[in-house]
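So you can see what is in the structure, the chains are spelled out below.
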Amino acid sequence: MNDRATAGSGVPEGVVALKLDQETSLSERTEAYFEKCREKLGMVPNVLAAYAFNEEKLNAFTGMYNDLMLADSGLSKLEREMIAVAVSSVNRCFYCLTAHGAAVRQLSGDPELGELMVMNYRVADLSPRQRAMLDFAVKLTERPHEILEGDRQGLRDAGFSDRDIWDIASVAAFFNMTNRVAAATDMRPNAEYHGQAR
């Protein structure tokens, strides 16, 4: 699949079910970012190709993603990816289950864990900390109006700080948003994800 978005071309065919024309030429900074993705990942993730029709939207998306998933946090990268998968499983988001399921397989070194997370995290061999974190993220996804102080206290009892609780909620909220955009646009994951870390 062509992952290069340039002025006039728009979102590559097959990435989303919408025809989105390229609004402006991509900056040198964005082109360099895409080249870095190709070098490190062997591809430009389709979610980035999709957002690249408008560089401001791409920058907003990548800024939030990088802050939540890569910046310093009391949550490990694996834990953040586990939240992404648990939330995406509730929402049945094909794109995120494929991409972030691969990340869980890679970061954990356990292909079975990645598959269990995609299907039903409750049957995975998780630590009490991880289970509390995912139970909270899933409740926030399914029944946000039912989150009470007891839910936050349950996370504290599992060893999370209040800052960690903010990060758990923010990662869960971000993936609820991206799942809905992916569903609305029929966003398709890069084929490369399917075979990673198996």
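First things first, this report covers the structure right here in the doc.

Cut-off values and rules
- Residues numbered from 1 in each chain as written.
- Predicted model: local features only at pLDDT ≥ 70, side-chain atom pairs only at ≥ 80, totals over all residues.
- Heavy atoms only, no water.
- Helix = DSSP H or I, 4+ residues; strand = E, 2+ residues; numbered from the N terminus.
- Buried < 20%, exposed > 50% of the residue type's maximum accessible area, 1.4 Å probe, protein only.
- Disulfide = S-S within 2.5 Å.
- Core = buried A, V, L, I, M, F, W, Y, C linked by side-chain atoms within 4.5 Å.
- Contact = heavy atoms within 4.5 Å.

## Digging into the environment of Asn 120
Part 1 of the reasoning: Inspection of the secondary structure assignment puts Asn 120 in helix 6 (residues 111-120).
Part 2 of the reasoning: Given a relative accessible area of 27%, Asn 120 falls into the partly exposed group.
Part 3 of the reasoning: For Asn 120 and Ser 73, which are 47 residues apart along the polypeptide, the C-alpha to C-alpha distance reads 25 Å.

## Here we look at the state of the cysteines
Part 1 of the reasoning: Following the criterion strictly, the structure yields zero disulfides and no others.
Part 2 of the reasoning: With no disulfide of its own, Cys 93 has Cys 96 as its nearest cysteine by sulfur position, at a separation of 3.8 Å.
Part 3 of the reasoning: Accessibility expressed as a relative area gives 5% for Cys 93, which makes it buried.

## Re the nonpolar core
Part 1 of the reasoning: Counting 56 residues, the largest nonpolar core has Ile 83, Tyr 95, Met 117 and Leu 134 as the members making the most contacts within it.
Part 2 of the reasoning: Elements with a minimum of two residues in this core: helix 1 (28-41), helix 2 (46-51), helix 3 (55-70), helix 4 (77-91), helix 5 (94-108), helix 6, helix 7 (128-142) and helix 9 (162-185).
Part 3 of the reasoning: The residues contacting Met 117, other than those within four sequence positions of it, are Met 82, Val 85, Ala 86, Ser 89, Val 104, Leu 126 and Leu 134.

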